[in-house]
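Here are the chains, one letter per residue:
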Amino acid sequence: MTTSELLSPQFTGIDDLTLAEVDAKLKEHQQLLQVLLQSPGSMLSYLPQNDATMQTATVAQPEAEQLFQQALTCSVQQDLHQAATYYCRAAYTGHLQAQVQLGHCYLKGAGVPKSAVFAYSWFILAALQQDSTAQQACTVLCKHLTLIDQQQAQQLAAERFEKITLQNNK
């Protein structure tokens, strides 16, 4: 079945495909995903770059900087769980530095459960805002994560991006 057939009004969904056609489409999509994920920078090139919503989020949310500063204070006082809580709250407003720091928290297990997948997802969001530290972290982590972990992190990043965008457009 061709793409034009899939887009035609007569096509009603997967029920119109044979099992062989479904299998072929799945293999085609798997191959495409593998190609996209083989290069450390490739996944970032398919995500929106310099999105105005992400860059202006901290301007629209002045309390984000206060949350970030509280996180830094807690971090200095070695209250790592509270620091991670503040980083998380600020990160969900789109605060770039908070996203990077939260990624580090997850990477180290500082105040949160250790998770390279969660760390990678926050680094992806910060890398989209052209943060060089986050871009380097993405490159390094990409080499150490399985394709499934990379896909999971990308999905988390996409979901978080939407949540941040919707939250900041209220």
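Note that the structure is predicted; figures quoted are calculated from it, not measured.

> What is the right way to read the overall build of the protein from this model?
If you tally the helices and strands in the protein, you get 11 helices and 0 strands. Listing each helix as α and each strand as β along the protein from the N terminus yields α-α-α-α-α-α-α-α-α-α-α. Sorting the 170 residues of the protein into buried and exposed places 37% on the buried side. Long-range contacts, defined as pairs at least 24 residues apart, comprise 59% of the intrachain contacts of the protein with a sequence gap of at least 6. Accessible surface computed for the protein: about 10,000 Å², of which carbon and sulfur atoms make up 56%.

> Mind showing me how you'd approach the state of the cysteines here?
According to the stated counting rule, one finds 0 disulfides in the structure shown. For the unlinked cysteine Cys 138, the closest cysteine sulfur is that of Cys 142, found at 8.2 Å. On the basis of relative accessible area, Cys 138 is assigned to the buried category, the value being 0%.

> Sorry if this is basic, but what is going on with the nonpolar core here?
Generally speaking, nonpolar side chains in soluble globular proteins are found buried as a group. Formed by 38 residues in total, the largest nonpolar core has its most connected members in Tyr 87, Leu 102, Tyr 120, Trp 122, Phe 123 and Leu 125. Those elements that provide at least two residues to this core are α6 (62-76), α7 (80-91), α8 (96-108), α9 (116-128), α10 (132-144) and α11 (147-168). Of the residues forming this core, the biggest block, 10 residues, is contributed by α9.

> Explain the confidence of the model for the protein here, please?
The predicted structure's coordinates, where accompanied by low pLDDT, should not be read in detail. Confidence in the prediction of the protein, expressed as mean pLDDT, is 78, and 64% of residues score 70 or more. A low-confidence stretch, residues 35-60 stays under pLDDT 50, and its non-local contacts, those more than four residues away or across chains, total 48 contacts.

> It is not clear to me how α8 should be interpreted in this structure. Could you clarify?
Residues spaced three or four apart along an α-helix face the same direction, because each turn holds 3.6 residues. Between the first and last C-alpha of α8 there are 19 Å, a value that for 13 residues agrees with the 18 Å anticipated at 1.5 Å per step. Within α8, the full set of buried residues consists of Ala 98, Gln 99, Val 100, Leu 102, Gly 103, Cys 105 and Tyr 106. At the exit of α8 stands Gly 109, carrying a positive phi of roughly 75°.

Rules of the game
All residue numbers refer to position in the chain's written sequence, counted from 1. It should be noted that, the model being predicted, local features are given only for residues of pLDDT at least 70 and side-chain atom pairs only at 80 or more, the latter also being counted only at that level, while totals for whole chains, interfaces and linings use all residues. In computing side-chain properties, one takes all heavy atoms of the structure into account and sets aside hydrogens as well as water. Strands are runs of DSSP state E lasting at least two residues, helices are runs of H or I lasting at least four, and both sets are numbered from the N terminus onward. When a residue's accessible area, from a 1.4 Å probe over protein chains only, is under 20% of the maximum for its type it is buried; when over 50% it is exposed; and in between it is partly exposed. Residue contacts are defined here by distance: any two heavy atoms, one from each residue, within 4.5 Å place the two residues in contact. Here the open area of atoms and residues is found with the Shrake-Rupley method and a 1.4 Å probe, where only the protein chains shown may cover a residue. The term disulfide is used for any two cysteine sulfur atoms that are within 2.5 Å. Within this scheme, the nonpolar core is defined by two criteria: the residues are buried Ala, Val, Leu, Ile, Met, Phe, Trp, Tyr or Cys, and they are joined through side-chain atoms within 4.5 Å. What pLDDT expresses is the predictor's confidence in each residue, scored from 0 to 100. Expected span of a helix: the number of residues minus one, times 1.5 Å.

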